[in-house]
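Working through the structure, step by step
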Amino acid sequence: MAALRDIQNKIAAVKKTRQITRAMNMVAAARLRQVQEKTERFKPYAAKFAEVLASLSQGIDPEIHPLLAVPEQVDKVGMILLTADRGLCGSFNMNLINKGQKFLQEQAALGHEAQAHVVGRKGCDYFRRRKTEITTQMPGVMNVIDFDLAVSVARLGLNAFLAGEVQEVYIIYSDFRSMASMPTVVERLLPIQPEPVEGEEAEAGGGLEYITEPSAEEILVDLLPRYLNVRVYSALLNTATSEQASRMTAMDNATKNCKEMIENLTLVYNKARQAAITAELMDIVGGAEALSQG
Amino acid sequence: MANKILLEVVTPDKLLLSKEVDVVVATGVDGEFGVLYGHVPFLSSLAIGELRFKDGNQTEFAAISGGFAEVTGKKVTVLAEAAELAREIDIDRAKRARERAEQRLAQAQQEAMDYARAEAALKRAMLRMRVVERGIGGGGMA
């Protein structure tokens with residue numbers, strides 16, 4: 001009988017766990033929707049920005065602005081690594097951290113010194129536990145993503161770049177393409193590489209000759225740091241979306257596993273119960289037999 | 001009545017405004033400029049300043065915390081990292097922000113970087129307050 005009780009307790013425990021994972025799945029789904037809405041609202045801004053930048057930077061000499069100038073020699077680089085604040089989202093954080101580690105190793109192999117700026121508690125914790133030197137830690141900021149956050153993250157890279165401490169700045173984040181595909185990517189933030197205008201856009205944008213005030217160069221000076229903010233904000237939003245999507249999937253799997261465990265345990269419980277009843281019956285039958293023969 | 005021009009104010013958080021208006025006046029880094037329907041394609045950096053637009057007899061105000069404006073003949077697109085319509089500004093918050101900025105300005109006299117940031121914050125706060133006052137005063141547009 002003791003074994004039966006144990007199994008029952010275990011089933012109750014797994015059921016409770018399932019309730020929690022199911023709730024977390026729903027929370028993640030709600031948050032995913034929120035972030036996706038934010039991304040939607042950001043799209044017109046980002047699109048317009050890219051369009052204007054592309055039409056402005058056409059035919060402009062990269063030497064004109066320090067943020068565009070390609071360095072002759074690189075010996076120090078900056079890395080901005082975006083991670084989540086919370087766990088329980090599968091291999092999401094580990095993927096990002098591994099990518100960051102690999103990046104640092106590669107840079108070290110090339111003989112480059114690296115500055116690491118880590119955003120998100122999980123990444124900060126990881127590097128602190130390993131006593132790895134990191135330049136900036138920004139834990140606990142991924143909960144609410146807004147443009148101000150993007151500005152302060154972008155400033156980390158920008159300041160180091162402008163002060164000449166680093167010649168290149170890279171950002172590592174999780175690119176949300178679909179629920180099933182969110183690869184970790186490394187992108188160069190600085191110096192800025194203006195994207196070539198493609199097909200349709202080139203025709204649409206190229207047709208307009210702007211009068212500019214002040215000069216196109218001066219506007220570009222104003223525009224480029226803002227462009228950095230746009231890039232970082234989009235990376236932050238992508239990372240946050242991927243985080244929630246990963247958590248949803250992880251919690252969904254956990255809920256499924258709980259269900260499976262409950263089924264198995266119920267089977268074991270029923271078998272044990274059956275065995276106990278059979279044993280009891282045997283006892284009674286055996287007893288009755290003994291009596292009638294006596 | 002002349003044709004109207006479509007004014008769109010876009011921030012990273014949302015499309016703040018999309019409206020057909022008669023006149024748009026914005027604060028560029030080189031001073032204010034007005035835009036009517038049929039304006040030549042024009043691109044300008046915007047300073048921290050007010051944006052006003054007139055539709056019929058009604059004039060509305062908005063605070064723009066820097067950005068830029070793209071003008072085509074039919075449309076004005078204002079891209080700003082932060083922008084608020086006068087009626088949506090929280091005046092108390094703006095006042096508190098001004099006090100904070102003033103304090104920081106006093107502290108950060110020596111560091112160039114912080115000084116610039118505090119100054120920009122102060123400008124934004126003052127702008128918001130001014131825009132609110134103008135918005136409530138109402139219609140006093142040249």
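Residues numbered from 1 in each chain as written. Chains lettered and ligands numbered in written order. Predicted model: local features only at pLDDT ≥ 70, side-chain atom pairs only at ≥ 80, totals over all residues. Heavy atoms only, no water.

**Things to note about helix α2 (residues 92–109) of chain A**
Residues and elements named next belong to chain A. With 18 residues, α2 extends 26 Å from end C-alpha to end C-alpha; this agrees with the ideal 26 Å at 1.5 Å per step. Along α2, the positions that sit buried rather than exposed are Phe 92, Asn 93, Leu 96, Ile 97, Gly 100, Gln 101, Phe 103, Leu 104 and Gln 107. Each buried residue of α2 sits inside an arc of 165° when the element is viewed along its axis, so together they form one side. More than 90 degrees from the buried face of α2, the exposed residues found are Gln 105 and Ala 109. For α2, the secondary structure elements touched by its buried residues are β1 (76–82), β2 (113–119), α3 (121–129), β4 (168–174), β5 (184–190) and α6 (216–293). Phi turns positive one or two residues past the end of α2, at Gly 111, with a value near 80°. (Helix = DSSP H or I, 4+ residues; strand = E, 2+ residues; numbered from the N terminus. Expected span 1.5 Å × (residues − 1). Buried < 20%, exposed > 50% of the residue type's maximum accessible area, 1.4 Å probe, protein only. Arc of directions from axis to C-beta. Contact = heavy atoms within 4.5 Å.)

**Examining the interface of chain B and chain A**
With 27 residues of chain B in contact, the opposing surface of chain A contributes 26 residues. In terms of surface lost to chain A, no three residues of chain B exceed Pro 12, Leu 43 and Glu 81 of chain B, which account for 28% of the buried area on that side. At the boundary of chain B with chain A, the tally comes to two salt bridges. Counting across the chain B and chain A interface gives six residue pairs in polar contact (both at pLDDT 80 or more). No other element matches the five residues that strand β6 (residues 58–71) of chain B contributes to the side of chain B that touches chain A. Tallied by class, residues from the side of chain B that touches chain A come to 13 nonpolar, eight polar and six charged. Two strands pair when backbone bridges link them, and strand β6 (residues 211–213) of chain A and strand β5 (residues 42–55) of chain B are joined in this way by three bridges, in the parallel orientation. (Buried area = accessible area lost by both parts, 1.4 Å probe. Salt bridge = Lys/Arg side-chain N within 4 Å of Asp/Glu carboxyl O. Polar contact = N/O pair within 3.5 Å; in protein donor to acceptor, adjacent residues only side chain to side chain. Nonpolar A, V, L, I, M, F, W, Y, C, P; charged D, E, K, R; others polar. Pairing = 2+ DSSP bridges.)

**Observations concerning the environment of Val 169 of chain A**
Residues and elements named next belong to chain A. Relative to the helices and strands, Val 169 is located in strand β4. On the basis of relative accessibility, which here comes to 1%, the residue Val 169 falls in the buried class. Taking the C-alpha atoms as reference points, Val 169 and Met 79, separated by 90 residues in sequence, lie 5.8 Å from one another. When neighbours within four sequence positions are excluded, Val 169 is seen to be in contact with Gly 78, Ile 80, Gly 157, Phe 161, Glu 187, Arg 188, Leu 189 and Leu 190.

**Quick notes on the pairing of β2 of chain A**
For a regular strand, the rule is simple: side chains alternate between the two faces of the sheet. Residue and element names in this part refer to chain A. Burial of β2 is extensive: five of the seven residues sit out of reach of the surface. You can see the chain leave β1, run along α2 and come back into β2, and the turn it takes is right-handed. Sheet analysis places β2 next to strand β3 (residues 136–138), joined by three bridges and oriented parallel. Bridge pairing links Val 119 to Met 138 in β3. (Right-handed = clockwise from strand over helix to strand, strands pointing away.)

**A few points about the domain arrangement of chain B**
Residue and element names in this part refer to chain B. We note that the domain assignment places domain 1 (5–87) and domain 2 (89–135) within chain B. Computed over C-alpha atoms, the centres of domain 1 and domain 2 are 22 Å apart. On the side of domain 2, eleven residues touch domain 1, which itself brings 14 residues to the contact. Both faces considered, domain 1 and domain 2 share a buried interface measuring about 990 Å² in area, 64% of it formed by carbon and sulfur atoms. Linking Glu 84 and Arg 128 is a salt bridge whose minimum nitrogen-to-oxygen distance equals 2.7 Å. Joining domain 1 to domain 2, the criterion identifies three residue pairs in polar contact (both at pLDDT 80 or more). Looking at the side of domain 1 that touches domain 2, the elements that each hand over two or more residues are β5, β6 and β8 (83–85). Broken down by element, the residue count for the side of domain 1 that touches domain 2 peaks at five residues, all from β6. Residues that form the side of domain 1 that touches domain 2 fall into these classes: eight nonpolar, two polar and four charged. (Domains from an automatic or database assignment.)

**Observations regarding the pattern of salt bridges**
Residues and elements named next belong to chain B. Counted under the stated rule, the structure contains 18 salt bridges over all chains. Between Lys 4 and Asp 55 there is a salt bridge; the shortest N-O distance is 2.8 Å. With Lys 4 in the segment before β1 (5–10) and Asp 55 in strand β5, the pair connects residues that are 51 residues apart, well separated along the chain. Assessed through its relative accessible area of 33%, Lys 4 is described here as partly exposed. Two residues, Glu 60 and Lys 19, come together in a salt bridge whose shortest N-O distance is 3.4 Å. Residue Glu 60 is located in strand β6, and its partner Lys 19 is located in strand β2 (residues 15–21); the two are separated by 41 residues in the primary sequence. Residue Glu 60 is classed as buried on the basis of its relative accessible area of 15%.

**Some points on unusual backbone geometry**
Residue and element names in this part refer to chain A. Of note, the amide linkage connecting Leu 190 to Pro 191 takes the cis form, showing an omega dihedral of -10°. Topologically, Pro 191 is positioned in the loop between β5 and α5 (199–206). One non-glycine residue, Leu 88, lies in positive phi territory at about 55°. Residue placement: Leu 88 occurs in the loop between β1 and α2. Positive phi values are uncommon outside glycine, yet Lys 131 reaches one of about 55°.

**Section: the sheet that holds β1 of chain A**
All names here are of chain A. Spatially, five strands are ordered β3-β2-β1-β4-β5 in an open sheet, and the strand pairing comes out mixed. For this open sheet the edge positions go to β3 and β5, each flanked by a neighbour on one side alone. Strand-to-strand twist in this sheet, taken as the mean axis angle between neighbours without regard to direction, amounts to 20°. Judged from the five bridges that link them, β1 and β4 form a sheet pairing that is parallel. Residue pairing for β4: Val 77 is matched across the bridge by Glu 168. (Axes fitted to C-alpha atoms, helices over the stretch in contact; angles between N-to-C directions.)

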